[in-house]
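Here's the letter readout for the chains.
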Amino acid sequence: MATEDARYRQSSQYRLWSFSPSHLQSLREQTNSLAATSIAERLRTSSPPVDPLPEFLTPADEAVLLNFFIVDLLRAAQFCELPSEIQATAAIFFRRFYVTNSLMTYPPRALTMTCIFFACKAEGLYYRLQKFADKFPGTTGEEVLAAEYVLCQGLRFAFDVRHPYRALEGAVMELRRLGDFDENRLARAHTRAREILKLSPLLTDVYFHYTPSQIMFGALSMADEGLLQRLLRDAFAGQSESAKNQVLDMIQSCRAMLEKETPERRSSYWDTNASKEAMKPLNKKLRKCRDPDRVDLVALQKARREQALQKPKAKPTAKEDGNIFGGSIGASNGKITDEQREAKRRRVVSGGGDMLGPPL
């Protein structure tokens, strides 16, 4: 029977969306550079041409803006009263998409709505399109769906997201089974760890670097280090101390990343006026350096559909009788001549005078 670790290594999350920190940073820098080069070329050749070119976002600028838009996404998902798992899936879809796509290329405001709606589909929650669009004044169903195929391409058609929430429930059940701690302590740690998992992993890169169980242990370590040590002592009973320390080091590195975005920062992120004021320079910079061909995704989708309809279809050429099977009959490009037809008639007549053969 395959272990949980072996099953996770077969998932698309591990195979397609797990990177080392250096590799992930390299991908983002490459994405930013390609986007800036492509947009600069379009702006130069636009009518009228843009001169001088605007200042483009740096990878650091995009990282700050990315978290700003993810917080907006989470607020919108909470407004729709969606479960925590769907909120997290939408945020991870958004985060994955902008690994190989730049904020300058595809408008993040449009992608937030698309990610939320598509996360509902991916997690099996039916949400009527018009009802969803009506939640946000000024948003149409067409705008929500306009970026859906682009999103699927950016996600590499991998829609499975493994979250650490179920792992946390299992850890708390195991601690109750061990019976070493009172229920109040377990309840406090459980609540605190879940608060951490609802925000910190979504605003950091831990989903790209660690497994769901490692993320859960990192959050539990932040909530109550003693509970983590008790679980590890039980799990590594009879094994070498070095094996336990290796796992503990991994958990501590995950914890360090989670601590960069603690739940206490939620209030500062969600203080709308303050956060918008802080982001105003970067948003202004983004508006100036956006890809002119992808500002309106609805119009882009319509143009692509019209282009596909106007594309001339290849008309099948009628083949001669003799070319149906790829060859020609006779010497006149597959046509049966009158002489050949008369010769065939004479052979039939000489065989009995009846095309259907002699009488029975």
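Scroll up to find the structure.
This structure is a prediction, so every number in the text was calculated from the model and none was measured. (Residues numbered from 1 in each chain as written. Predicted model: local features only at pLDDT ≥ 70, side-chain atom pairs only at ≥ 80, totals over all residues. Heavy atoms only, no water.)

Novice: Just to check I follow, could you spell out the nonpolar core for this structure?
Specialist: Counting 92 residues, the largest nonpolar core has Phe94, Met104, Leu111, Ile116 and Phe132 as the members making the most contacts within it. Top contributing element to this core by residue count: helix 4 (residues 59–79), with ten residues. With near-sequence residues (within four places) excluded, phenylalanine 94 lies in contact with Leu66, Phe69, Ile70, Leu73, Pro108, Leu111, Thr112 and Cys115. If you look at the next biggest cluster of nonpolar residues, it comprises eight residues, including Trp17, Phe19, Val99 and Ala158. (Core = buried A, V, L, I, M, F, W, Y, C linked by side-chain atoms within 4.5 Å. Buried < 20%, exposed > 50% of the residue type's maximum accessible area, 1.4 Å probe, protein only. Helix = DSSP H or I, 4+ residues; strand = E, 2+ residues; numbered from the N terminus. Contact = heavy atoms within 4.5 Å.)

Novice: Explain the pattern of salt bridges to me, please; I cannot follow it from the model alone.
Specialist: Within the structure shown, the criterion is met by 25 salt bridges. Of the charged contacts in the structure, one is a salt bridge between lysine 121 and glutamate 148, with a shortest N-O distance of 2.8 Å. A residue pair is termed long-range when its members are at least 10 positions apart, and lysine 121 in helix 6 (residues 108–122) and glutamate 148 in helix 9 (residues 148–154) qualify at 27 residues. Look at lysine 121 and you get partly exposed, because its relative accessible area is 43%. (Salt bridge = Lys/Arg side-chain N within 4 Å of Asp/Glu carboxyl O.)

Novice: What am I meant to see in the packing of helix 11 (residues 183–199) against helix 13 (residues 212–223) here?
Specialist: The relative placement of two packed helices comes down to the angle between their axes together with the axis-to-axis distance. Two elements in contact, helix 11 and helix 13, have axes whose closest approach is 8 Å; the angle formed by their N-to-C orientations is 125 degrees. As the angle between them shows, helix 11 and helix 13 are arranged oblique. Where helix 11 crosses over helix 13, the two elements pack in a sense that is right-handed. Contact with helix 11, carried on its side by Ala189, Arg192, Ala193, Ile196 and Leu197, involves Ile215, Met216, Ala219, Leu220, Met222 and Ala223 of helix 13 and no other residues of that element. Considered class by class, the residues forming the contact of helix 11 with helix 13 number ten nonpolar, no polar and one charged. (Axes fitted to C-alpha atoms, helices over the stretch in contact; angles between N-to-C directions. Parallel < 35°, antiparallel > 145°, perpendicular 65-115°, else oblique. Left-handed = near helix turned anticlockwise from the far one by under 90°. Nonpolar A, V, L, I, M, F, W, Y, C, P; charged D, E, K, R; others polar.)

Novice: Quick question: what am I supposed to make of the side chain of aspartate 72 here?
Specialist: Looking at the secondary structure, you find aspartate 72 in helix 4. Within polar-contact distance, the side chain of aspartate 72 engages the side chain of arginine 109 at 2.4 Å. (Polar contact = N/O pair within 3.5 Å; in protein donor to acceptor, adjacent residues only side chain to side chain.)

Novice: Teacher, can you tell me more about the environment of phenylalanine 181 here?
Specialist: Relative to the elements of secondary structure, phenylalanine 181 occurs in the loop between helix 10 (165–178) and helix 11. Residues phenylalanine 181 and leucine 227 lie 46 residues apart in sequence; the distance between their C-alpha atoms is 8.5 Å. Contact partners of phenylalanine 181, with chain neighbours within four places excluded, come to Leu175, Leu186, Gly226, Leu227 and Arg230.

Novice: Honestly, unusual backbone geometry in this entry has me stumped. Any pointers?
Specialist: For residues that are not glycine, phi is negative in most cases, and the peptide bond is trans in most cases. Cis geometry is adopted by the peptide bond preceding proline 48, which originates at serine 47 and carries an omega value of -5 degrees. With respect to the secondary-structure elements, proline 48 resides in the loop between helix 3 (21–44) and helix 4. Following aspartate 51, the chain continues to proline 52 via a peptide bond in cis, the omega torsion being 5 degrees. Tracing the backbone shows proline 52 in the loop between helix 3 and helix 4. Here glutamate 81, not a glycine, exhibits a phi torsion of approximately 60 degrees, which is positive. Summarising the element assignment, glutamate 81 is placed in the loop between helix 4 and helix 5 (84–100). For glutamate 81, a relative accessible area of 70% corresponds to the exposed category. Notably, arginine 156 is not glycine yet its phi reads approximately 60 degrees, a positive angle. Looking at where arginine 156 falls in the secondary structure, it is placed in the loop between helix 9 and helix 10.

Coordinates in, geometry out; function isn't part of it.
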